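Remarks on the overall topology
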Amino acid sequence: MYTVRNQIICAARRMAPMWISLLGMLACADVNVHAEEAHAITFEEDVRPILKAHCWQCHGEEAELKGGFDTRLARFILRGGDSGTAVSKSGHKDSLIWQRIASGEMPPGPKRLSPEDTAMIAAWIDAGAGTLREEPESLVDEGHFTEEDRSHWSFQPVVRPAFPPIKGGSFIQSPIDMFILARLEAEGLSFSPMADKATLIRRLYINLLGLPPSPEAIERFLREDHPESYARLVEQLLTSPTYGERWARHWLDVAGYADSDGVTKRDTVRAWAFKYRDYVIDALNENKPWDEFLVEQLAGDELVSRPYRDLDSSEAQKLIATGFLRMSPDGTSGDVLDQELARNQAVAEVIKSVSTSLLGLSVGCAQCHSHRYDAISHTDYYRMRALFEPAYNWKDWRSPGARLISQWSAATEAEDTALQQEASALTENRDKELDEVAESIVQKRILELPEDIQEAARAARSTPADERTAEQSKIIEDHAFLKVTGASLQEIDGGAKNEIVEKWDPKIAEVNSRRPPRDYLMPLTEVAGSVPVTFLFNRGDHKQPQKEVLPGGLSIIAPPELNIPVDDPELPSTGRRLAYARYLTNGSHPLVARVLVNRIWMHHFGSALVSTPGDFGTQGERPSHPELLDWLAAEFVDSGWDLKHLHRLILCSTVYQQTAVRSDLLQRVDPENQLLGRMSVRRLESEVLRDSLLSLSGQLQQKMGGPAAPVSLDNVGQRVVVSRTQYDPSGRLLRDVESVGEDKYRRTIYIQVRRSLPLGILVPFDIPTLNPNCTKRTVSNNAPQSLQINNDPFVIEQVNAIAARLIDEVGDDIPRQIARAWRLIIGKSPSKFQVENAIAFLSDLEFELRSEGDDDAPTTHQKALAQLCQALVASNGFLYVE
């Protein structure tokens, strides 16, 4: 039925430019024409969300109500405030609340209610300002949640739905196909045809490994004529170590992984962050159950006994896992004007990362006041903060460097101490000899002074600087050699100093070379015995603490039996994060599994079932296939939180194996492919693009794990490249001054992520925006991408290497070179037409190069072949996956 609500919204949109003058006439006309439908507009469903978003901060949430007017309940509004009754029985035009809104007086500031919202309030007043149900007698401090709040789809328990009835049973290869096909059939549609095998193998390789298949792998797959060949390929790729590198990148986006602190200009490097990155890769390759994976990241330190020394591998990994909570920007180690503010901002960023990654909710929006749209109270925010306060105690702060934990054993510590003492003894002997030589030279120089000042000079030299008389200071100033010590011996005899240093320094260096390398962990831990109190901050200001808040979950979904301890007597830590992590992963939480499977679906299909993966609240999108989302969430939990099981279900489905070709019918009925009647075409992500080029050129280094390859500005200061970063004494970043050798060709996941220095080749291709984390990457198509492919030195280096590889593999046979180039770069054989055009392209280009003076035929051909390869890597066939 086309209700009054629909008419109000549509009309308000049409009249937006002149809404103030026409609003009253519109609302009256609509209500008079459809008076019988006026009951459709209610306070709880239609008006309360508007007032919560725009009015509660002044008229409801503060201890002192502005104008004595409270807008949280309908009867409070009817009661009015200091200015009298807010709602008139004669209609909205005579109602003070509407007059203030329509005039632009309220809410104060630049933000105004939309025409739709203002019209909705007018219609509600004219319909009698009714409610759906009797309102509560009072509102508690925790915040008042309505039935509408509690009935929000993502707050409902996950219940495994029954399979829907379908007609096309022959299309079903996986249980998920039934949910997709049911929706398609309801629209008179069905699945698209299966993609060809060449398309499927490239789709799988890019999806699971982030690298293109080799021509040999493609040929083997095409030759296989076995009904299980596709499933066997899926299994092969899931067991490849490269799978963990590819899928770790997805989680690292959500975790906000970075190898630097950010915030300040110095952007201090996190030298040991790489261990968390390696932990994620290993966990995915091992197929660690995700409930365990999440518990370790939230509270791994609470599973390990103190002190954190002589750890075995399992214990160390649990500590490393908590690096998840150390990835957010943290400016507390740099030069900040307000250290207390920086500390509280660091904590706030952690809460944002945790809530968007695991809950799919923007809890951070409740830091200063109750969430304007979702059922998250101001107190809820500080309940969540209390979970992390024992580890992030802003009043007893530990800088990032002070949080590091040495992984040295007691024996290693003792060995290093002994070597350090040995080196110190050698250094003392060197310095003693330098001092003796310096003293001898100075005394000889004193004898060269006039006899009448020699004793005074000796006395001035032997007197400490802060105890010298004015006369002695004058003597030192007139005869600078009197200040010389062993450390400054070069000022009077550089040769003597150098001789003493090639004598001692090599010995010192040899001892230091035997010292064990430093080995630290970068976990989040609590301070033993410290149980700080968490306070709610008025308007989010740490200088305005109010009531004490205990740790807990979001009250809208927290079960009554949830008990987060303040300080668990059974644990060496408070146990807060551990209890919360176990609550999130107990299988009953309505959000966690839904959020995770939705994100997994997104990485397989390019779009998620809930297209706002970081926002499952009221401002986010509703799921396109709600029953499928819940079935996947239930299946994920019931399988033991087995990610590879979920992969198999999705990858072996008909919906995943469809062609990406658009049919006229699909384009007409579902142009955005929300019903999934075909596969979506996707562009390579920035890291996959770089890694694929390295793979094609044969330069990709296979080394896994370890410290990140550093990045720095190039020699002209324009691009960020893989090279060693150095600073001048003032801390200013210098340009590229040192190569890192073959490390420059490592996979992108092993390249340093500097918040202030994103790798140049990646930037145009939508790198994740870590603010503080990234729940969904932007996907764009723009001119800088083409410019990068055509001009970037890294790309040019790779296409030159690809051309050399082609000549090396197939010799001088030009048609074979072309065919090999297509199979290598595009993953398919070229057509006869494409081969003929490529031959003509090479011939014309070689002629042009020779006319410019390049007479070396092999070199000329390789240059032309490199440009053909560059054209192929710039084509949609390479940059996009069908």
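Just so it is clear, the structure is predicted and the values come from calculations on it, not from any experiment.

Scanning the chain from N- to C-terminus turns up 35 helices and eight strands. Seen through its C-alpha atoms, the chain measures out along the principal axes to roughly 120 × 85 × 55 Å. Burial status across the chain gives 53% buried among its 882 residues. In the chain, the share of contacts with a sequence separation of at least 24, taken over all contacts with a separation of at least 6, comes to 69%. Carbon and sulfur atoms make up 51% of the accessible area of the chain, which amounts to about 39500 Å² in all. The average position of the 97 basic charges and that of the 127 acidic charges among the side chains of the chain differ by 2 Å.

Going through the model one piece at a time under the given rule, you end up with 52 salt bridges. Measuring nitrogen to oxygen at the nearest pair gives 3.0 Å for the salt bridge that ties R133 to E148. With R133 in the loop between α6 (115–126) and α7 (147–150) and E148 in helix α7, this pair connects stretches of sequence that are 15 residues apart. Here R133 falls in the partly exposed class, since its relative accessible area comes to 34%. Judged by its relative accessible area of 21%, E148 is partly exposed. With a shortest N-O distance of 2.2 Å, D519 and K275 are connected by a salt bridge. Residue D519 is found in the loop between α22 (502–513) and β2 (520–521), and its partner K275 is found in helix α13 (residues 274–285); the two are separated by 244 residues along the sequence.

What follows covers the nonpolar core. Grouped together as the largest cluster of nonpolar side chains are 130 residues, with contacts concentrated most on W251, Y276, W290, L359 and W601. Sequence-distant contacts of W290, defined by excluding residues within four places in its chain, comprise W251, L284, L596, F636, W641 and L643. Within the second largest apolar cluster, 50 residues are counted, among which are V711, I761, A821 and I826.

Inspection of the entire model under this criterion finds zero disulfides. C368 provides the cysteine sulfur closest to C365, a residue in no disulfide bond, and the two sulfurs are 9.6 Å apart. For C365, a relative accessible area of 41% puts it in the partly exposed group. With no disulfide of its own, C774 lies closest to C365 among cysteine sulfurs, the gap being 17 Å.

A separate point is the environment of D267. Looking at the element boundaries, D267 is found in the loop between α12 (241–255) and α13. Taking the C-alpha atoms as reference points, D267 and E302, 35 residues apart in sequence, are found 30 Å from one another. Filtering out sequence-adjacent residues up to four positions away, D267 remains in contact with S260, D261, G262, R754, R755 and S756. Within the structure, the side chain of D267 is placed 2.7 Å from the side chain of S260, a separation counted as a polar contact.

In this section: the packing of helix α17 (residues 378–388) against helix α23 (residues 576–584). The interhelical angle for the contact between α17 and α23, taken along N-to-C directions, is 120°, at an axis separation of 7 Å. Of the possible angle classes, the one that applies to α17 and α23 is oblique. Mapping the contact onto sequence places M384, A386, L387 and F388 in α17 and R576, R577 and Y580 in α23. When the residues that make up the contact of α17 with α23 are grouped by side-chain class, the tally is five nonpolar, no polar and two charged.

All right, on to α13 then. Look at α13: 17 Å from first C-alpha to last across 12 residues, which is about the 16 Å you get at 1.5 Å a residue. Judged by how many residues are buried, α13 sits mostly within the fold: 10 of 12 residues are covered. If you check which residues of α13 are buried, you get F274, K275, Y276, R277, D278, Y279, V280, I281, A283 and L284. Residues of α13 that are buried make contact with α12, α14 (290–299), α15 (313–321), β2 and α26 (643–651). One or two positions beyond α13, positive phi appears at N287, with a value near 55°.

So, about the packing of aromatic side chains. As enumerated under the stated definition, the model contains 22 aromatic pairs in all. On the numbers, 5.7 Å between centres and 25° between planes, the contact of Y392 with W397 is stacked. Judged by relative accessible area, Y392 falls into the buried class, the value being 3%. Residue class for W397 comes out buried when judged on its relative accessible area of 12%.

In this structure, T659 sits in the loop between α27 (654–657) and α28 (664–669). Among the polar contacts made by the side chain of T659, one reaches the main-chain amide nitrogen of V661 at a distance of 3.2 Å.

With omega at -5°, the peptide bond leading from M106 into P107 counts as cis. In this fold, P107 is placed in the loop between α5 (96–102) and α6. We note that N287 has phi near 55°; this positive angle belongs to a residue other than glycine. Its place among the elements puts N287 in the loop between α13 and α14. Despite not being glycine, D310 shows a phi value in the positive range, around 50°. Secondary-structure assignment places D310 in the loop between α14 and α15.

This part covers the confidence of the model for the chain. Averaged over all residues, the pLDDT of the chain is 91; the fraction at 70 or higher stands at 94%. Low confidence marks residues 1–38, where pLDDT is under 50. Its contacts with residues over four positions away, or in another chain, come to 57 contacts.

Here we come to helix α21 (residues 490–501). Look at α21: only 11 Å from first C-alpha to last across 12 residues, short of the 16 Å you get at 1.5 Å a residue. Every buried residue of α21 is accounted for by A496, K497 and I500. Seen end-on, α21 carries its buried residues on one side only, within an arc spanning 115°. If you follow the buried residues of α21, they end up packed against α18 (410–447) and α22.

The next thing to look at is the packing of α12 against helix α24 (residues 592–605). Axis separation between α12 and α24 bottoms out at 12 Å; the angle between their running directions is 125°. Taken as axis vectors, α12 and α24 run oblique relative to one another. The way α12 lies across α24 gives a crossing that is right-handed. Residues W247, H250, W251 and V254 of α12 form the contact with α24, whose own contacting residues are L596, R599, I600, H603 and H604.

Conventions we followed
Residues numbered from 1 in each chain as written. Predicted model: local features only at pLDDT ≥ 70, side-chain atom pairs only at ≥ 80, totals over all residues. Heavy atoms only, no water. Helix = DSSP H or I, 4+ residues; strand = E, 2+ residues; numbered from the N terminus. Buried < 20%, exposed > 50% of the residue type's maximum accessible area, 1.4 Å probe, protein only. Contact = heavy atoms within 4.5 Å. Areas by Shrake-Rupley, 256 points an atom, 1.4 Å probe, with all protein chains shown as cover. Lys, Arg positive; Asp, Glu negative; His and termini not counted. Charge placed at Lys NZ, Arg CZ, Asp CG, Glu CD. Salt bridge = Lys/Arg side-chain N within 4 Å of Asp/Glu carboxyl O. Core = buried A, V, L, I, M, F, W, Y, C linked by side-chain atoms within 4.5 Å. Disulfide = S-S within 2.5 Å. Polar contact = N/O pair within 3.5 Å; in protein donor to acceptor, adjacent residues only side chain to side chain. Axes fitted to C-alpha atoms, helices over the stretch in contact; angles between N-to-C directions. Parallel < 35°, antiparallel > 145°, perpendicular 65-115°, else oblique. Nonpolar A, V, L, I, M, F, W, Y, C, P; charged D, E, K, R; others polar. Expected span 1.5 Å × (residues − 1). Phe/Tyr/Trp six-rings, centres within 6.5 Å; stacked < 30°, edge-to-face > 60°. pLDDT = per-residue confidence, 0-100. Arc of directions from axis to C-beta. Left-handed = near helix turned anticlockwise from the far one by under 90°.

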